[in-house]
Amino acid sequence: MPGQWNIVVYVIFVAKWGLPVRIGVDIDGVLADSLSLWINELNSYFKKNKRVEQIRLLDICETYEVTPQELSGFLARRGRYLMTRPEPITGASQYLGMIKKQHDVYIVTARDERYRQETMDWLSKYNLPYDELLLLGSHEKKEACLSRNLSVLVEDTLEIGVKVSSAGVPVLLLDAPYNQGALPDLIYRAYSWFDVYRTIIVEPHLLNLACTAERRI
Ligand SMILES: [Mg+2]
């Protein structure tokens, strides 16, 4: 009876690993080591000498003292390069792959839809598995997290994490020079991809993942 065996295997899987949940994962600064590339390109294009700790990707115009039109010009010239050239963050491929074996992975990025093919190619090139790729074209990720019923978002931008966590979705904030400071409730700092993996797989109770899984079924 294959159907019965499927149920038995599923029950054993759940007993051992817990119910599968939906894990949201950002790209730039989380899967892709993009920031140094962005800063090099921005510094070169706008003839500045900014350092990584001075950068807020949410307010590039303010940091570089340029207009939105000037930033659009930069992205038109260098956007595809910035989407395709970063190296992956250390451990991202290995640990995302291990997480994907037990949970569903939703990539949630502020990248624009027009970069879908480049982004898919980049994810494939570095063996970064996922179930769905959401290119929002905006830094507003709260609605996407809620509509997909994500149980946690792995993110590096603190301001995005604050908005997402305020909607009740826990956030694992991958540590970076630009996201230092005290964290509000439901945001937990992770210092590496091993740390992300350990929290989601070994210590899911810290994120209340079991409870969110129960809510879904
Ligand atoms: Mg990011």
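Our structure's up above, just so we're on the same page.
1. Digging into the packing of helix α5 (residues 92-100) against helix α9 (residues 193-202)
Stage number 1. Relative orientation of the contacting elements α5 and α9 amounts to 10 degrees, with a least axis distance of 9 Å. Between α5 and α9, the crossing angle belongs to the class labelled roughly parallel. Listed contacts from α9 to Ala92, Tyr95, Met98 and Ile99 of α5 are Trp193, Phe194, Val196, Tyr197, Ile200 and Ile201.
Stage number 2. Its residues assigned to classes, the contact of α5 with α9 shows ten nonpolar, no polar and no charged.

2. Quick look at the packing of helix α2 (residues 35-46) against helix α4 (residues 68-84)
Stage number 1. Put simply, α2 and α4 touch, their axes get as near as 11 Å, and they point 150 degrees apart. With respect to α4, the element α2 is oriented roughly antiparallel. Crossing geometry of α2 relative to α4 is assigned as right-handed. Listed contacts from α4 to Leu37, Trp38, Glu41 and Tyr45 of α2 are Phe74, Arg78 and Leu82.
Stage number 2. Considered class by class, the residues forming the contact of α2 with α4 number five nonpolar, no polar and two charged.

3. A short note on unusual backbone geometry
Stage number 1. Even without being glycine, Glu65 reaches a positive phi, approximately 55 degrees.
Stage number 2. Mapped onto the elements, Glu65 comes out in the loop between α3 (60-64) and α4.
Stage number 3. Under the C-beta neighbour-count criterion, Glu65 is labelled exposed, with 9 such atoms within 10 Å.
Stage number 4. If you check the backbone angles, Asn127 has positive phi at about 55 degrees while not being a glycine.
Stage number 5. Within the secondary structure, Asn127 sits in the loop between α6 (116-125) and β3 (132-135).

4. What about the nonpolar core?
Stage number 1. Grouped together as the largest cluster of nonpolar side chains are 36 residues, with contacts concentrated most on Val152 and Leu153.
Stage number 2. For this core, the elements supplying multiple residues, two or more each, are β1 (22-25), α5, β2 (104-109), β4 (152-155), α8 (158-166), β5 (171-174), β6 (187-190) and α9.
Stage number 3. Leave out the neighbours within four places in its chain, and Leu153 touches Gly24, Val108, Lys141, Cys145, Val164, Val169 and Val171.

Calculation notes
- Residues numbered from 1 in each chain as written.
- Predicted model: local features only at pLDDT ≥ 70, side-chain atom pairs only at ≥ 80, totals over all residues.
- Axes fitted to C-alpha atoms, helices over the stretch in contact; angles between N-to-C directions.
- Helix = DSSP H or I, 4+ residues; strand = E, 2+ residues; numbered from the N terminus.
- Parallel < 35°, antiparallel > 145°, perpendicular 65-115°, else oblique.
- Contact = placed C-beta atoms within 7 Å.
- Nonpolar A, V, L, I, M, F, W, Y, C, P; charged D, E, K, R; others polar.
- Left-handed = near helix turned anticlockwise from the far one by under 90°.
- Buried ≥ 20, exposed ≤ 12 C-beta atoms within 10 Å, placed from the backbone.
- Core = buried A, V, L, I, M, F, W, Y, C linked by C-beta atoms within 7 Å.

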